[in-house]
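# Results of the structural survey
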Amino acid sequence: MHDKKIHPQRDPLKLFKDWYAKAQEIGLRLPDAMTLATATKKGAPSARVILYKGIGRGGFRIFTNFNSRKAKELTSNPQAALVFYWEKLNRQIRVEGEVKRMTRAQSITYFKTRPRGSQLGAWASDQSAEIQNRAHLDQKLAEFEKKYAGKEVPCPAHWGGFLLIPSKFEFWIDRENRLHDRLVYTRVKKGWKISHLAP
């Protein structure tokens, strides 16, 4: 039976990593799935499920085509939120913070770790743009497979990463009678303020 109590730590990133490790340990199919919520400059929201790509330089890494809807929103309104939900653990983590674009060198370094198919896909897909049909996308992929046959696939200039620098975490555990545990970390000048919220 999974622990239904939150054991606070001074650093929320450490607590996040502990919970994430537990989600991996129990063999969830997609422990990396997380919802990314963004908004336009005028505040119109949108959300989608993407994959967790680790933490670097104190922030959650997000990689995408810079012409995509999410990248445009992350650029025009650099505030975003993440949600992790692991049903089998009865746990949820919410993260909010400022977004900063990663350096070109950092994006290239990560791009080189991607499977070759994903690298080629970054060239073939003009993400979020309207296309004629699936055949069009398959044709583009075939063109880039031919172009880079026997060669290293370079990182496109239109592709790279963002960092979501957390200013707030909420750790949530399901409890009986809907009296869930909610532990919030809010960034302050010297570390983090920890508080409990009513469910």
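What comes next concerns the included structure. (Residues numbered from 1 in each chain as written. Predicted model: local features only at pLDDT ≥ 70, side-chain atom pairs only at ≥ 80, totals over all residues. Heavy atoms only, no water.)

### Points about the nonpolar core
Just so we agree on the cut-off: To form a nonpolar core, buried Ala, Val, Leu, Ile, Met, Phe, Trp, Tyr and Cys residues must be joined to one another through side-chain atoms within 4.5 Å. When accessible area is computed with a 1.4 Å probe and restricted to protein chains, residues below 20% of their type maximum are described as buried, those above 50% as exposed, and intermediate ones as partly exposed. Helix and strand labels come from DSSP, where a helix needs a run of H or I of at least four residues and a strand needs a run of E of at least two; each type is numbered from the N terminus. By definition, residues are in contact when any of their heavy atoms lie within 4.5 Å.
By size, the foremost hydrophobic cluster in this structure holds 33 residues, and its most contacted members are Phe16, Phe60, Phe84, Trp86, Ile93, Phe169 and Phe171. Broken down by element, this core gets its largest block of residues, six residues, from helix H1 (residues 12–25). Look past the residues within four positions of tryptophan 86 in its chain and what remains in contact with it is Phe16, Trp19, Tyr20, Ala23, Leu28, Pro31, Arg91 and Ile93. Within the second largest apolar cluster, 13 residues are counted, among which are Phe63, Tyr110, Leu120 and Tyr148.

### Structural notes on the packing of aromatic side chains
For the record, the criterion: What counts as a ring pair is set by centres within 6.5 Å for rings of Phe, Tyr and Trp (its six-membered ring), and what kind of pair is set by the plane angle: stacked under 30 degrees, edge-to-face over 60, tilted for all other angles. Working rule: Lys NZ or Arg CZ, within 6 Å of ring centre, within 35 degrees of ring normal, means a charge sits over the ring.
Applying the stated rule across the entire model yields 22 aromatic pairs. With 6.4 Å between their ring centres and 10° between their planes, phenylalanine 144 and tyrosine 148 make a pair best called stacked. Among the aromatic side chains, those forming a connected cluster through ring pairs are Phe16, Trp19, Tyr20, Tyr52, Phe60, Phe84, Trp86, Phe169, Phe171, Tyr185 and Trp192. The cationic tip of arginine 91 hangs over the ring face of tryptophan 19; the distance from NZ or CZ to the ring centre is 4.6 Å. Above the ring of tryptophan 123, the side-chain terminus of lysine 147 is found at 5.9 Å from the ring centroid.

### Details of the pairing of strand S5 (residues 79–86)
Going by this rule: Strand pairing follows a simple DSSP-based rule, namely that at least 2 bridges must link the two strands.
Burial along S5 is one-sided: the face carrying Ala80, Leu82, Phe84 and Trp86 is buried and the face carrying Gln79, Ala81, Val83 and Tyr85 is not. Alignment of strand S1 (residues 33–39) against S5, held across three bridges, turns out to be antiparallel. The partner of threonine 35 across the bridge, within S5, is valine 83. In terms of strand pairing, S5 meets strand S6 (residues 91–101) through eight bridges, oriented antiparallel. Bridge pairing in S6 places alanine 80 opposite glycine 97. Counting the residues that bridge the hairpin from S5 to S6 gives four residues, and of these asparagine 90 lies at a positive phi of roughly 55°.

### So, the environment of glutamate 87
By the element assignment, glutamate 87 lies in the loop between S5 and S6. Relative accessible area serves as the criterion here: at 58%, glutamate 87 is assigned to the exposed category. Taking the C-alpha atoms as reference points, glutamate 87 and isoleucine 26, separated by 61 residues in sequence, lie 11 Å from one another.

### Details of the pairing of strand S4 (residues 59–65)
Residues in a regular strand project their side chains so that they alternate between the two faces of the sheet. The buried fraction of S4 amounts to six of the seven residues, a majority that puts the element mostly inside the structure. Here strand S3 (residues 55–56) runs beside S4; their pairing, made up of two bridges, is antiparallel. Bridging across to S4, isoleucine 55 finds its partner in phenylalanine 60. Here S4 pairs with strand S7 (residues 159–173) via six bridges, running antiparallel. Looking across to S7, one finds that threonine 64 is bridged to glycine 160.

### Some words on the pattern of salt bridges
This is how the line gets drawn: Just to be clear on terms, a salt bridge is a Lys or Arg side-chain nitrogen sitting within 4 Å of an Asp or Glu carboxyl oxygen.
A complete count under the given rule lists seven salt bridges for this structure. Here arginine 69 and glutamate 73 are joined by a salt bridge, their closest N and O atoms 2.9 Å apart. On the criterion of helical spacing, the pair formed by arginine 69 and glutamate 73 is a turn pair, its members being four residues apart in helix H2 (residues 69–76). On the basis of relative accessibility, which here comes to 46%, the residue arginine 69 falls in the partly exposed class. The residue glutamate 170 makes a salt bridge to arginine 182 at a minimum N-O spacing of 2.8 Å. Of this pair, glutamate 170 sits in strand S7 while arginine 182 sits in strand S8 (residues 181–188), and the two are twelve residues apart along the sequence. Judged by relative accessible area, which is 7%, glutamate 170 ranks as buried.

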